[in-house]
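Observations on the three-dimensional arrangement
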Amino acid sequence: MEAPAAPHNPAETELIVHSPEQMRDLGRRLAKLLRAGDLVMLSGELGAGKTTLTRGLGEGLGVRGAVTSPTFVIARVHPSLGDGPPLLHVDAYRLGGGLDEMEDLDLDVSLPESVVVVEWGEGRLEELTEDRLHVTIHRAVGDTTDEVRHVTLTGVGERWTAVDLGSLSA
Ligand SMILES: Nc1ncnc2c1ncn2[C@@H]1O[C@H](COP(=O)(O)OP(=O)(O)OP(=O)(O)O)[C@@H](O)[C@H]1O
Ligand SMILES: [Mg+2]
């Protein structure tokens, strides 16, 4: 007997990105789907392109200040230049395992009025909200110099059921 086909999950989409510029563009387009209260969790190895994607998100949201890799700070708020939500960019890489430091950021307080984007947040803030968008970025296997990245977007929770992530592949 044949195994049943995996159920199509409309809240998941896979893309191939060919350059840093395309990654930024993906961020700009993804920004159009985001609103206050959204949590985006980015995963992928060092140098995968998480900050590059976030830079595009900041551009698409129309926020102040270029998104960078924070050296000394863990979280940075980029206020909107218009009337949209601010972008709260968190890089949890330097956070020791402790959730305490994460709690000090009071993300639960900021989340309702912000778009919160977190690098290296897995296992640390899933409890913040039942709805979240996971973005996983992988280098094409076996080639460390190539600019090709595989990007998987997975919406978790009610918020993402009606969002057409597939529209991002255009
Ligand atoms: N397709 C691509 N998408 C994104 N970045 C790419 C791509 N191809 C090459 N790059 C390069 O890879 C690097 C990605 O750096 P970035 O800071 O965005 O990664 P990161 O995932 O945030 O790393 P870290 O875990 O250190 O925070 C940049 O130098 C960028 O120019
Ligand atoms: Mg980064």
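An unreviewed UniProt entry lists the protein chain under the name tRNA threonylcarbamoyladenosine biosynthesis protein TsaE, with Streptomyces spinoverrucosus as the source organism. Entered under Sequence similarities (unreviewed entry) in the UniProt record, the comment concerning the protein chain runs "Belongs to the TsaE family." Recorded in UniProt for the protein chain, the comment headed Subcellular location (unreviewed entry) runs: "Cytoplasm".

Here we look at the coordination of the magnesium ion (ligand 2)
On the protein side, the magnesium ion (ligand 2) has T51 (OG1) and E119 (OE) as donor atoms, found 2.0 to 2.2 Å from it. Remark: E119 occurs in strand β5 (residues 115-119) and T51 occurs in helix α2 (residues 50-61); sequence separation between them is 68 residues. For the residue pair T51 and E119, the accessibility class agrees, reading buried in each case.

Observations concerning the sheet that holds strand β4 (residues 87-91)
The strand order across the open sheet formed by 7 strands is β1-β7-β6-β2-β5-β4-β3, and the pairing between neighbours is mixed. Lying at the two open borders of the sheet, with one neighbouring strand each, are β1 (12-17) and β3 (75-78). The mean angle between the axes of side-by-side strands here comes to 15°, regardless of whether they run parallel or antiparallel. Looking at chain direction, β4 and β5 are connected through 5 bridges and run parallel. Bridge pairing in β5 places H89 opposite V117. Along the sheet, helix α1 (residues 20-31) contacts β1, β6 (132-139) and β7 (149-156); its crossing angle with β1, the most-contacted strand, is approximately 150°.

Considering the site of ligand 1
Within the structure, ligand 1 sits among 17 residues, and G47, K50, T51, T52 and E147 are positioned closest to it. R149 has a polar side-chain atom sitting 3.4 Å from a nitrogen atom of ligand 1. When ligand 1 sits alone it has 640 Å² of accessible area, and the protein chains cover 75% of it. Of all the elements in the fold, those that place two or more residues in the shell around ligand 1 are α1 and α2. Per-element accounting of the shell around ligand 1 gives the leading share, 3 residues, to α2. Broken down by class, the residue content of the shell around ligand 1 amounts to 6 nonpolar, 6 polar and 5 charged.

Describing the pattern of salt bridges
Under the criterion given, the structure shown has 6 salt bridges. One salt bridge connects R28 with E59, and the closest N-O pair in it is separated by 2.5 Å. Residue R28 is found in helix α1, and its partner E59 is found in helix α2; the two are separated by 31 residues along the sequence. On the accessibility criterion, R28 (31% relative accessible area) is partly exposed. Looking at E59, the relative accessible area reads 34%, which means it is partly exposed. Between R139 and E45 there is a salt bridge, with the nearest N and O atoms lying 3.8 Å from each other. Placement of the pair is R139 in strand β6 and E45 in the loop between β2 (39-43) and α2, with a sequence separation of 94 residues. Classification of R139 by relative accessible area gives partly exposed; the value is 23%.

About the criteria used
Residues numbered from 1 in each chain as written. Chains lettered and ligands numbered in written order. Predicted model: local features only at pLDDT ≥ 70, side-chain atom pairs only at ≥ 80, totals over all residues. Heavy atoms only, no water. UniProt positions renumbered as here; feature names shortened; annotations may be inferred. Donors = N, O, S within 2.8 Å, 3.2 Å for Na, K, Ca; no water. Helix = DSSP H or I, 4+ residues; strand = E, 2+ residues; numbered from the N terminus. Buried < 20%, exposed > 50% of the residue type's maximum accessible area, 1.4 Å probe, protein only. Pairing = 2+ DSSP bridges. Axes fitted to C-alpha atoms, helices over the stretch in contact; angles between N-to-C directions. Contact = heavy atoms within 4.5 Å. Near = heavy atom within 4 Å. Polar contact = N/O pair within 3.5 Å; in protein donor to acceptor, adjacent residues only side chain to side chain. Areas by Shrake-Rupley, 256 points an atom, 1.4 Å probe, with all protein chains shown as cover. Nonpolar A, V, L, I, M, F, W, Y, C, P; charged D, E, K, R; others polar. Salt bridge = Lys/Arg side-chain N within 4 Å of Asp/Glu carboxyl O.

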